[in-house]
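Each chain is listed here by its residues.
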There are 2 protein chains.
Amino acid sequence: KYLSTMSSQANHKLCMVPGPVEFHEDVLSSMSTLATSHVSPSFIPIFGEAIELLRKVFCAEKAQPFVVSGSGTLGWDMVASNLIEPGEDVLVLNTGYFGDSFTVCLETYDAKVTQVKADIGDRPSIEEIHQALTQKKFKAITITHVDTSTGVLSDVKAIAELVKKVSPETLVIVDGVCSVGSEEIRMDEWNIDVVLTASQKALGVPPGLCILVASERAMNVFHNRKTRINSYYASWSNWLPIMNAYESRKGMYFATPPVQLIMALHTSLKQIISRPLELRFQQHKEVSNRIKDSLEKLGLKFVPKNRELSANGMTAVYYPEGVKPADLIPKVAAHGVVIAGGLHKLIGPKYFRIGHMGISVTEPEREHIDKTIEALSVNLKELGLKGDN
Amino acid sequence: KYLSTMSSQANHKLCMVPGPVEFHEDVLSSMSTLATSHVSPSFIPIFGEAIELLRKVFCAEKAQPFVVSGSGTLGWDMVASNLIEPGEDVLVLNTGYFGDSFTVCLETYDAKVTQVKADIGDRPSIEEIHQALTQKKFKAITITHVDTSTGVLSDVKAIAELVKKVSPETLVIVDGVCSVGSEEIRMDEWNIDVVLTASQKALGVPPGLCILVASERAMNVFHNRKTRINSYYASWSNWLPIMNAYESRKGMYFATPPVQLIMALHTSLKQIISRPLELRFQQHKEVSNRIKDSLEKLGLKFVPKNRELSANGMTAVYYPEGVKPADLIPKVAAHGVVIAGGLHKLIGPKYFRIGHMGISVTEPEREHIDKTIEALSVNLKELGLKGDN
């Protein structure tokens, strides 16, 4: 279907950063939907169906999705203000920049945060998490599924199993900004209470939507909170009636929903669930290995300390000795591929990041991955690296 | 320039609600900008320039613009959390639904709100405001420039003059969601401290951006606050470095900016400032009078009690006796023009609303206003109304 329109995107630099990612032509068309009222009969069912589709993509049959105008960062405020009451303890598993920031957000809403902080490139061990969980009664534990600053992948399934065993009342909160759509995640089966994400990563939609899915248990905790909610824009009291209204195909007003972005989300979700999710996860693993293998062959070292704890939707790589960001990133861009610099505050200028999510992975006929490997290889070799790919 | 592409929009129903409004073809093209990193050299200067252009549109030479992923509602959280400290008094001038909601938002952040509440269709008199202002020392006064629920226009200039005279330290906060771009507003000249708005009204961009401009005085109040900010996503401490970075043409990360929406904003702002703002305001007045005259001739009554306190970018009209929303709105839609029902909780089903903002007003060759008047007249006459237009 898109082959006829792919040519319209042919001449642009590929956006291979860990979000925003490349967009499907149909997603782009949805973005330029002509002016449409947010309570139009042509929009209401689209929004309603997008909410339903999120349950499928998050593997969460009875959970409550929220789709709100905002960036993924807003999802932290939603967790902190709706689920945690002032003074309650939260355990934050920290694998990089996003663990630091989630902590600041939680503390803004008076949560008492305990962190289990891994070294750069590592993740807290199950033993460390076990030990931390048994020291206090935590209202929630937060896991950054993939920390975009380090490319470290957390073992959400194993952590959730552990929580269920040693602290079953603790809510399991997953920051899935850089994982939903690229990493396997099954809310119901794994007993996850919240997964929050943003539109511009593996969901394949331009940035501007905060997407959060809360389990029935999380919603019960929300409904039974004893203190009031210390936010207006992030308050589920305001958003829940809106989500319920649109899902039952009625319009309702709290804040004007971003019509075009929601149309684009609907388009992308339909594409995602049109094929088995297993295949999608498998493809992301294969492409990730292919990219990582090609860089490894050139002698490069990754930020994550081994392949097992590496994300499948992005790769964080140290520059070769003596190479600076300006030596590589602009040259790869001149070759038609945009990659990203480092983000972690301690090692920012020492590494770069490549995103490989969404249609760049699931539609190999676009050759995005080939072009990315080619642009990287050529330029790294020009910097003196040797390798056979 | 757009005449060649207007045909691509020819067959859609005109969106004549008080936001979202009709979009220019170039704005729609910007919305489907191919995947672009938020720190790309092709995006950074666009974002930077959009920030600069906002100062021109808001007539605020040295003020600080904020452009954030979110709806206009988020602007209230920004005001409440950044400028008001817990326990401080705020005077809310209430002309409808949005005064009620702004009050709830302010109280969420522990402001002590005093309201001057007008009857439906009216606005507080200068005498009432004067009296209220002298009763306490208010940190801020909030004015809904146009309350979208009633179509009542506030006299921002006169109120700001009064505040300067009787309570000069009080910050003047304008909710300009339904006024920026359609009603005259001059931040510097009128001594306004904050104007907040959203993208989807007279700025002519799809929904999804919260836009707020704060005066130097407001920024000083922010910098000198004694208590911490009780929000993370709405906190200017997080956004100010980002705005400064992009304005000095550097990328910086707090939350991924909505690239496509900001591109669209930039396109629309360029169009807006390409012609004198005076002309723009004049056109909105003329079109407003034309629409209101045509409805008045058919014997209809408006929600605002007279023309002087009626908005120029929208019209709120009572249905004729015995007519229900379902008798008119779907029929006008079948005629190709989408209008909106009522929003005010006390009179919701008794009135309807028409938006007349942006290109529908400034580009008469599109004939949006003619078509709207025609669709309304034909259908109102079919309901038994008599008139000569």
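Per an unreviewed UniProt entry, chain A carries the name 2731_t:CDS:1 and comes from Dentiscutata heterogama.

### A word on the sheet that holds strand E13 (residues 340-341) of chain B
Read from one edge to the other, the open sheet built from 3 strands follows the order E11-E14-E13 (chain B), with strand pairing classed as antiparallel. Edge positions in the sheet fall to strand E11 (314-318) and E13 of chain B, since each of these pairs with one other strand and no more.

### Considering the relation of the copies chain A and chain B
Least-squares fitting of chain A to chain B yields an RMSD of 0.0 Å, with the transformation described by 0.0 Å of translation along the axis and a rotation of 180°. Such values leave the two copies arranged in the relation of a two-fold axis. Among all residues of chain A, the minimum C-alpha distance to the rotation axis is found for A:Gly70, at 2.2 Å. By residue overlap, the copies meet face to face through one surface: 98% of the interface positions of chain A are interface positions in chain B.

### Overview of the layout of surface pockets
Estimated volume of the largest pocket: approximately 930 Å³. If you go around the largest pocket, you meet 48 residues; those closest to its centre are A:Ala340, A:Gly341, A:Arg353, B:Ser37 and B:Val39. Its residues assigned to classes, the lining of the largest pocket shows 26 nonpolar, 18 polar and 4 charged. Listing elements by their share of the lining of the second largest pocket, those giving two or more residues are helix H4 (73-82), helix H13 (325-334) and E13 of chain B. Split into classes, the residues belonging to the lining of the second largest pocket amount to 21 nonpolar, 17 polar and 4 charged.

### As for the sheet that holds strand E13 (residues 340-341) of chain A
Residue and element names in this part refer to chain A. The strand order E11-E14-E13 describes an open sheet built from 3 strands, whose pairing is antiparallel. The open sheet is flanked by strand E11 (314-318) and E13, the only strands paired with a single partner. Pairing between E13 and strand E14 (residues 351-355): 2 bridges, direction antiparallel. Paired with Gly341 across the strands is Phe352, a residue of E14.

### Considerations on unusual backbone geometry
A negative phi angle is the norm for most residues apart from glycine, just as the trans form is the norm for most peptide bonds. A cis geometry characterises the amide bond from A:Gly19 onward to A:Pro20, with omega recorded as 0°. Mapped onto the secondary structure, A:Pro20 falls in the loop between strand E1 (14-15) and helix H2 (25-31). At A:Arg249, a position not held by glycine, the phi torsion is positive, near 60°. With respect to the helices, strands and loops of the structure, A:Arg249 is situated in the loop between helix H10 (236-247) and helix H11 (259-273). According to the relative accessible area criterion, A:Arg249 is partly exposed, its value standing at 36%. Its identity as a non-glycine residue notwithstanding, B:Asp110 has a phi of 70°, on the positive side. Mapped onto the elements, B:Asp110 comes out in the loop between helix H5 (97-108) and strand E4 (112-117).

### Focus on the nonpolar core
In terms of nonpolar packing, the biggest core is built from 220 residues, with A:Phe58 and B:Phe58 touching the most fellow members. Ignoring any residue separated from it by four or fewer positions in sequence, one finds B:Phe58 in contact with B:Val180, B:Ile185, B:Arg186, B:Met187, B:Val195, B:Thr197, B:Ile211 and B:Val213.

### Points about the interface of chain A and chain B
By a frequent convention, interface size equals the accessible area lost on bringing the separate parts together. Taken together, the contact between chain A and chain B spans 57 residues of the former and 56 residues of the latter. For the pair chain A and chain B, the summed buried area comes to about 4100 Å², and 65% of that belongs to carbon and sulfur atoms. Applying the counting rule to chain A against chain B returns 2 salt bridges. Of the charged contacts, one joins A:Arg228 and B:Asp110 as a salt bridge, the two residues approaching to 3.1 Å between their closest N and O atoms.

### Focus: the state of the cysteines
This model, assessed by the stated rule, comprises 0 disulfides over all chains. Lacking any disulfide linkage, A:Cys178 is separated from the closest cysteine sulfur, that of A:Cys15, by 13 Å.

About the criteria used
Residues numbered from 1 in each chain as written. Chains lettered and ligands numbered in written order. Predicted model: local features only at pLDDT ≥ 70, side-chain atom pairs only at ≥ 80, totals over all residues. Heavy atoms only, no water. Pairing = 2+ DSSP bridges. Helix = DSSP H or I, 4+ residues; strand = E, 2+ residues; numbered from the N terminus. Least-squares fit on C-alpha atoms with pLDDT ≥ 70 in both. Contact = heavy atoms within 4.5 Å. 1 Å grid on protein atoms, 1.4 Å probe; cavity = no way out; pocket = protein on both sides within 12 Å on 5 of 7 lines; lining within 4 Å. Points joined across faces, edges and corners; volume = space filled by probe spheres on them. Nonpolar A, V, L, I, M, F, W, Y, C, P; charged D, E, K, R; others polar. Buried < 20%, exposed > 50% of the residue type's maximum accessible area, 1.4 Å probe, protein only. Core = buried A, V, L, I, M, F, W, Y, C linked by side-chain atoms within 4.5 Å. Buried area = accessible area lost by both parts, 1.4 Å probe. Salt bridge = Lys/Arg side-chain N within 4 Å of Asp/Glu carboxyl O. Disulfide = S-S within 2.5 Å.

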